[in-house]
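Given next are the chains, with one letter for each unit.
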Amino acid sequence: KMLEGSLDINIEHLVFQYEEDSRKILDNLSLTIPQGEKLAVLGRSGSGKSTLASLIRGDLVPTSGSVQLAGVATEQIGDVISEYIGVIQQTPYLFHTTILNNLRIGNEQAEIAEVWEVLQRVGLEQLVKGLPDGLDTMVDEAGLRFSGGERHRMALARILLKDTPIVLLDEPTVGLDPITEQALIDTFFEQLTGKTIIWITHHLQGIEKMQRVVFIEDGQLEMSGTPAEL
Ligand code: ATP
Ligand code: MG
């Protein structure tokens with residue numbers, strides 16, 4: 001393993017601009033996320049939440065300041081970071097290959113029994129069992145064989161197979177109907193117990209399950225507290 005010790009995320013005086021001379025999307029933002037914390041990140045559309053997520057993942061490089069995971073700058077960790085941080089985005093990406101291959105991305109060794117167990121945990125076992133080709137069913141280009149909620153469950157299954165200690169949820173339930181959304185949130189938090197969860201969200205549904213809520217505005221943390229305080 002490349003990283004040692006506690007997998008805390010340390011963000012210090014983070015400034016980020018997409019281009020020189022352009023607006024500072026994040027402007028001197030500092031935040032520590034201890035390993036195991038369940039944190040909700042709120043903020044208006046365009047406030048920089050997804051940008052922050054990309055910086056945490058090391059996909060973007062700070063203009064100044066730093067983002068560290070276990071004391072190492074995330075942009076220097078490289079591809080290995082995917083062993084530590086799993087991401088579920090608004091539109092989870094499924095590849096044009098079998099369901100099994102889609103689930104094994106990042107964990108090619110996963111045993112079939114393990115795959116079924118995870119499908120059961122995310123509530124997709126019956127669906128996949130009911131397909132004539134089961135795990136060997138081809139997922140079409142856009143993953144359109146699956147509904148939005150099912151795609152998210154697939155993404156969650158992938159992360160559970162990889163067993164990353166940190167999970168970043170970037171508005172994973174946007175566009176779903178309220179009942180599907182609630183069911184999905186319940187599954188997420190039930191299955192991700194013990195992991196660090198960074199949950200980027202627009203609204204307050206499910207927020208009481210988090211230990212801390214931060215609010216981004218004008219590139220900075222405007223508020224921070226427990227769900228009850230907000
Ligand atoms: P939403 O809630 O709508 O997802 P957000 O808080 O995630 O919004 P970001 O996607 O981080 O917001 O975007 C923050 C700002 O950065 C926006 O003004 C956006 O237009 C800008 N931005 C995002 N991506 C890029 C990019 N690749 N190049 C230039 N500007 C960008
Ligand atoms: Mg976003």
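Quick note: structure is the one above.
The sections below set out a description of the structure shown in this document.

Cut-off values and rules
- Residues numbered from 1 in each chain as written.
- Chains lettered and ligands numbered in written order.
- Predicted model: local features only at pLDDT ≥ 70, side-chain atom pairs only at ≥ 80, totals over all residues.
- Helix = DSSP H or I, 4+ residues; strand = E, 2+ residues; numbered from the N terminus.
- Rg over C-alpha atoms; globule rule 2.2 N^0.38 Å.
- Buried ≥ 20, exposed ≤ 12 C-beta atoms within 10 Å, placed from the backbone.
- Contact = placed C-beta atoms within 7 Å.
- Axes fitted to C-alpha atoms, helices over the stretch in contact; angles between N-to-C directions.
- Parallel < 35°, antiparallel > 145°, perpendicular 65-115°, else oblique.
- Left-handed = near helix turned anticlockwise from the far one by under 90°.
- Near = placed C-beta within 6 Å.
- Nonpolar A, V, L, I, M, F, W, Y, C, P; charged D, E, K, R; others polar.
- Pairing = 2+ DSSP bridges.
- Core = buried A, V, L, I, M, F, W, Y, C linked by C-beta atoms within 7 Å.

## Considering the overall build of the chain
Looking only at helices and strands, the chain has six helices and 10 strands in total. Whereas a compact globule of 230 residues would reach a radius of gyration of roughly 17 Å, the chain reaches 18 Å, a difference of no more than 12%. Viewed in the frame of its principal axes, the chain has a C-alpha envelope of about 55 × 40 × 35 Å. Looking at the chain as a whole, 38% of its 230 residues qualify as buried. For the chain, long-range pairs separated by at least 24 residues make up 71% of all intrachain contacts whose partners lie at least 6 apart in sequence.

## Quick look at the packing of helix α3 (residues 112-121) against helix α5 (residues 148-162)
Relative to each other, α3 and α5 sit at 130°, their axes nearing to 9 Å. Classed by the angle they form, the pair α3 and α5 counts as oblique. The handedness of the crossing between α3 and α5 is right-handed. Contacts between α3 and α5 involve Glu114, Val115, Val118, Leu119 and Arg121 from the first element and Ala157, Leu160 and Leu161 from the second.

## Some thoughts on the site of ligand 1
Neighbouring residues of ligand 1: Tyr18, Ile25, Gly43, Ser45, Gly46, Ser47, Gly48, Lys49, Ser50 and Thr51. Here the element with the most residues in the shell around ligand 1 is helix α1 (residues 49-56); it accounts for three residues. Taken together, the residues of the shell around ligand 1 sort by class into two nonpolar, seven polar and one charged.

## Observations regarding the sheet that holds strand β5 (residues 72-73)
Reading across the sheet, the four strands line up as β2-β1-β4-β5 and stay open at both edges, with antiparallel pairing between neighbours. Every interior strand has two partners, whereas the edge strands, β2 (24-33) and β5, have only one.

## Comments concerning the nonpolar core
By size, the foremost hydrophobic cluster in this structure holds 58 residues, and its most contacted members are Val41, Leu156, Ala157, Leu168, Leu169, Ile198 and Trp199. Considering every element that reaches this core, the biggest residue donor is α5, with seven residues. Discounting chain neighbours no more than four positions away, the residues touching Val41 are Lys49, Ile198, Trp199, Ile200, Val214 and Ile216.

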